[in-house]
Amino acid sequence: MKKLIAGNWKMNGNLSANHALLAALADALRVKPACDVAVCVPAPYLAQVQSLKAASIDLGSQDVSAHPSGAYTGEVCAAMLKDFGVRYAIVGHSERRQYHAESDALVADKAKAALAEGITPIVCVGETLAERQAGRTEEVVKRQLAAVIHTNGHCISEIVLAYEPVWAIGTGKTASPEEAQSVHSVLRAQLKAATDQSARVKILYGGSMNAANASSLLAQADIDGGLIGGASLKAADFLSIIAAAQ
Ligand code: PGA
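One structure accompanies this document, and this report is about it. From a predicted model like this one, the values you see are computed outputs, not experimental measurements. (Residues numbered from 1 in each chain as written. Predicted model: local features only at pLDDT ≥ 70, side-chain atom pairs only at ≥ 80, totals over all residues. Heavy atoms only, no water.)

1. Thoughts on the overall build of the protein
When helices and strands are tallied, the protein shows 10 helices and eight strands. The C-alpha atoms of the protein give a radius of gyration of 17 Å, which matches the 18 Å a tight globule of 246 residues would have. Once the C-alpha set of the protein is aligned to its principal axes, its extents read approximately 45 × 45 × 35 Å. Classification of the 246 residues of the protein by burial places 53% in the buried group. At a minimum sequence separation of 6, the contacts of the protein that also span at least 24 residues come to 73%. Computed over 22 positive and 23 negative side-chain charges, the inter-centroid distance for the protein is 3 Å. (Helix = DSSP H or I, 4+ residues; strand = E, 2+ residues; numbered from the N terminus. Rg over C-alpha atoms; globule rule 2.2 N^0.38 Å. Buried < 20%, exposed > 50% of the residue type's maximum accessible area, 1.4 Å probe, protein only. Contact = heavy atoms within 4.5 Å. Lys, Arg positive; Asp, Glu negative; His and termini not counted. Charge placed at Lys NZ, Arg CZ, Asp CG, Glu CD.)

Written out as structure tokens, the structure is:
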């Protein structure tokens, strides 16, 4: 399957830095790469990135409201994202689960709201260090995915899944290719039990993926791409990861 390399800019960037980053990416990606590429940007910059990005790069958001419209101050709904050409919406990132108390059920509802507008949710799952050390990794990621399967039924084949061990995010500590693959194969089996279309679901790895470790992670059987934080803010690093995915 075609790999997907998605940048998660998090709460970084400004008009001029975005401009420089997008120009460098556009220059290098004038010819469409053999993998899919996306950048998930802060909501205020959706219009800027939509107008400046190369055609070979898809636009993503970092969150989406579970509600279609209405009295939800500060939230952004899927239809608004759609207005700016958004193709992907990250949901359930561990930073939102942790700092905004997002529950498994809310994350599942957000995935549903994205799908209802034709936006592909990039659903993040992952265990904390304490959970890994307690031998609970499988239980945690399966519980997180089960909620999304329960709420989305057969539409589960339309999502992108991202395994992001919390202890690897922004820490420089990456799961080894074998550690990541073993969780990816558990998730693949869970998807397979839920839909006969499971082979279409991309499972990305995220957590300190960089130019040096991307090839070995992406070589694993069930790693179909990457969700890249820090390294997506530097054009050369992001482009090296894209090269490793081709
Ligand atoms: P990182 O972030 O690559 O900086 O570890 C990944 C993510 O949080 O999506």
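2. Points about the side chain of N8
Structurally, N8 is set in strand β1 (residues 4-8). Among the polar contacts made by the side chain of N8, one reaches the main-chain amide nitrogen of K10 at a distance of 3.0 Å. For N8, the contacting residues outside a window of four places in its chain are C40, Q62, I90, H93, L227, I228, G229 and S232. (Polar contact = N/O pair within 3.5 Å; in protein donor to acceptor, adjacent residues only side chain to side chain.)

3. Focus: the packing of helix α1 (residues 15-28) against helix α10 (residues 235-244)
Each packed pair of helices is defined by two parameters, the angle between the axes and the distance between the axes. Axis separation between α1 and α10 bottoms out at 10 Å; the angle between their running directions is 35°. Here the hand of the crossing between α1 and α10 comes out right-handed. Of α10, the residues touching α1 (which contributes L21, A24, L25 and A28) are A235, F238 and L239. Partitioned by chemical class, the residues of the contact of α1 with α10 number seven nonpolar, no polar and no charged. (Axes fitted to C-alpha atoms, helices over the stretch in contact; angles between N-to-C directions. Left-handed = near helix turned anticlockwise from the far one by under 90°. Nonpolar A, V, L, I, M, F, W, Y, C, P; charged D, E, K, R; others polar.)

4. Observations regarding the sheet that holds β1
Spatial strand order, β1-β2-β3-β4-β5-β6-β7-β8: eight strands in a closed barrel with parallel pairing. This sheet shows a mean twist of 25° between the axes of neighbouring strands, independent of strand direction. Looking at chain direction, strand β7 (residues 203-206) and strand β8 (residues 225-228) are connected through two bridges and run parallel. Within β8, the residue paired with Y205 across the bridge is G226. Against the sheet, α10 touches β1, β2 (36-40) and β8, its axis set at about 160° to β1. (Pairing = 2+ DSSP bridges.)

5. Considerations on the nonpolar core
Grouped together as the largest cluster of nonpolar side chains are 62 residues, with contacts concentrated most on I5, L161, L187 and Y205. Apart from residues lying up to four places away in sequence, L187 is in contact with V125, V141, L145, L161, Y163 and I203. (Core = buried A, V, L, I, M, F, W, Y, C linked by side-chain atoms within 4.5 Å.)

6. Some details on the pattern of salt bridges
For the structure shown, the criterion picks out 18 salt bridges. Here E179 and R132 are joined by a salt bridge, their closest N and O atoms 3.8 Å apart. In this pair, E179 is assigned in helix α8 (residues 177-194) and R132 in helix α6 (residues 129-133), connecting sequence segments 47 residues apart. Note on E179: relative accessible area 32%, which makes it partly exposed. We classify R132 as partly exposed; its relative accessible area is 24%. Where salt bridges share partners, they join D63, R96, E102 and K110 into one cluster. (Salt bridge = Lys/Arg side-chain N within 4 Å of Asp/Glu carboxyl O.)

7. Quick notes on the site of the ligand
Close to the ligand lie 13 residues, the nearest being K10, H93, E164, G170 and S208. One of the side-chain nitrogen or oxygen atoms of K10 is found 2.7 Å away from an oxygen atom of the ligand. With respect to the ligand, the backbone of G230 contributes an N or O atom lying 2.9 Å from an oxygen atom. Coverage of the ligand by the protein amounts to 95% of the 280 Å² it exposes when considered alone. Tallied by class, residues from the shell around the ligand come to four nonpolar, seven polar and two charged. (Near = heavy atom within 4 Å. Areas by Shrake-Rupley, 256 points an atom, 1.4 Å probe, with all protein chains shown as cover.)

8. Notes on α1
Taking 1.5 Å of rise per residue, 14 residues should cover 20 Å, and α1 covers 20 Å from first to last C-alpha, within 8% of that figure. Buried within α1 are the following residues: N18, L21, L22, L25 and A26. The buried side chains of α1 occupy one side of the element, clustering within an arc of 130° when seen end-on. Those residues of α1 hidden inside the fold are in contact with β2, α2 (46-52), β3 (57-61) and α10. Residue N14 occupies the N-cap position of α1, its side-chain oxygen lying 3.1 Å from the main-chain nitrogen of S16. (Expected span 1.5 Å × (residues − 1). Arc of directions from axis to C-beta.)

The quantities given are spatial measurements derived from coordinates; they are silent on function.
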